[in-house]
Amino acid sequence: MDALLALARTDMAAVDALIRRHMDSPVPVIPALADHLIAGSAKRLRPLLTIAAARIAGARDEACLKLAAAVEFIHTATLLHDDVVDSSQLRRGRVAAHLIWGAPSSVLVGDFQFARAFELMVGAGSMPALEILARASRVIAEGEVLQLTRAHDLDLSQDVYLEIIRAKTAELFAAAAESGAVSAGAPPERCRALRKYGQDLGLAFQLVDDALDYSGDSETLGKNPGDDFREGKATLPLLLVMARTGSAERDFWVRTVDRREQTEADFERARELMRRTGALQSTLDLARSYADSAKAALADFGANPWRPALEDLADVAVSRRA
């Protein structure tokens, strides 16, 4: 990602300043809790995508900066809410905020961050971009609720799983890129191309996340591996391994995923079954196909210096270990 970070360095410094300024509040717990989460983010991937999309689409002004900051606030708000819903212990290598300040404060500070995001969107002065990001906020919430209602579902189909991650993860990637392009005044076909890039990048990113939950370690991931398994989340590696082990392991999956009656050894057994059946590799192969599709969406952007940097980002999404 070095080329992309170098191209966006000045813009991202301005975005970071906007984020810091809009974290401020006379209520002390708000900036303290927000800083705990936001300070742990080194990548700022989604706002970086907004900046890159705006610049590859020809933006010369700073209209995209407020949108990029808004995207980060939307993202961190959803993380605060997710950690409460999932009872997560770690986030970005730190103790989850709800374990320090309590679930009510975490939820309410998440709401504060959503409000800040909408203030920034209005300040950006682009009604189409506001509509894109407002719609994304609604779609993300729908995706989270759909995932919650289908949790522990041993019969969840791959199509429904992809619908869930398209809403809860890929939609913000898509909206981040599309809103950047719109703020640059790009023609509709380029806005659609960048939305496609963002959506497929987001799908690849989430698929790799789901695989890493079974193949990574806490030091590298910044969170505990096996959280999805312990919570009974039906992610793609789990769906594939259940299908491939069939009736031979049905009782194991019913006990550990459906009823969540787990021993210390169950996670290691699940990991071994995934390795043996190729479920993890199949998940990564699908992630690679989405990354390739994301890169193909940039075909009409010619020799623009942002293009190879965004192509590299798609490759990083599937080769990362955290």
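Provided above is the structure to which this section pertains.
Everything quoted here is computed from the prediction, not taken from an experiment.

Draft legend 1. Spatial organisation of the environment of Asp210. Here Asp210 shows up in helix H10 (residues 188-215). On the accessibility criterion, Asp210 (3% relative accessible area) is buried. Between the C-alpha atoms of Asp210 and Arg271, which are 61 residues apart in sequence, the distance is 12 Å. Other than its neighbours up to four places away in sequence, Asp210 contacts Tyr161, Asp228, Thr235, Leu236 and Pro237. Among the polar contacts listed, one links the side chain of Asp210 to the side chain of Gln206, at a separation of 2.8 Å.

Draft legend 2. Inspection of helix H7 (residues 103-124) at higher detail. The end-to-end C-alpha separation of H7 is 32 Å, in line with the 32 Å expected for 22 residues at 1.5 Å each. Within H7, the full set of buried residues consists of Ser106, Val109, Gly110, Phe112, Gln113, Phe114, Arg116, Ala117, Leu120, Met121 and Ala124. In this structure, the buried side of H7 is in contact with helix H2 (9-22), helix H3 (29-38), helix H5 (63-86), helix H6 (97-101) and helix H8 (127-149). Once H7 finishes, Gly125 follows within two positions and takes phi at roughly 75°, a positive value.

Draft legend 3. Layout of the packing of aromatic side chains. Enumeration according to the criterion identifies five aromatic pairs in this entry. Ring pairs connect the aromatic residues Tyr214, Phe229 and Phe267, which therefore count as one cluster. The ring of Phe267 carries the charged tip of Arg230 above its face, separated from the ring centre by 5.7 Å. If you follow Arg320 out to its NZ or CZ, it ends over the ring of Phe205, 3.7 Å from the centre.

Draft legend 4. The arrangement of unusual backbone geometry in detail. Of note in this structure, His152 is not a glycine but carries a positive phi near 65°. Within the secondary structure, His152 sits in the loop between H8 and helix H9 (158-183). Positive phi, normally seen in glycine, also occurs at Arg260, with a value near 55°. Mapping Arg260 onto the fold places it in the loop between helix H14 (250-258) and helix H15 (266-277).

Draft legend 5. Broad picture of a nonpolar patch on the surface. On the surface, Val95, Leu99 and Ile100 cluster together into a nonpolar patch covering about 250 Å² of accessible area. By the element assignment, Leu99 lies in helix H6.

Cut-offs used in this document
- Residues numbered from 1 in each chain as written.
- Predicted model: local features only at pLDDT ≥ 70, side-chain atom pairs only at ≥ 80, totals over all residues.
- Heavy atoms only, no water.
- Helix = DSSP H or I, 4+ residues; strand = E, 2+ residues; numbered from the N terminus.
- Buried < 20%, exposed > 50% of the residue type's maximum accessible area, 1.4 Å probe, protein only.
- Contact = heavy atoms within 4.5 Å.
- Polar contact = N/O pair within 3.5 Å; in protein donor to acceptor, adjacent residues only side chain to side chain.
- Expected span 1.5 Å × (residues − 1).
- Phe/Tyr/Trp six-rings, centres within 6.5 Å; stacked < 30°, edge-to-face > 60°.
- Lys NZ or Arg CZ within 6 Å of the ring centre and 35° of its normal.
- Patch = residues over 30% accessible without salt bridge, like charges linked within 9 Å, V, L, I, M, F, W, Y side chains within 5 Å.
- Areas by Shrake-Rupley, 256 points an atom, 1.4 Å probe, with all protein chains shown as cover.
- Salt bridge = Lys/Arg side-chain N within 4 Å of Asp/Glu carboxyl O.

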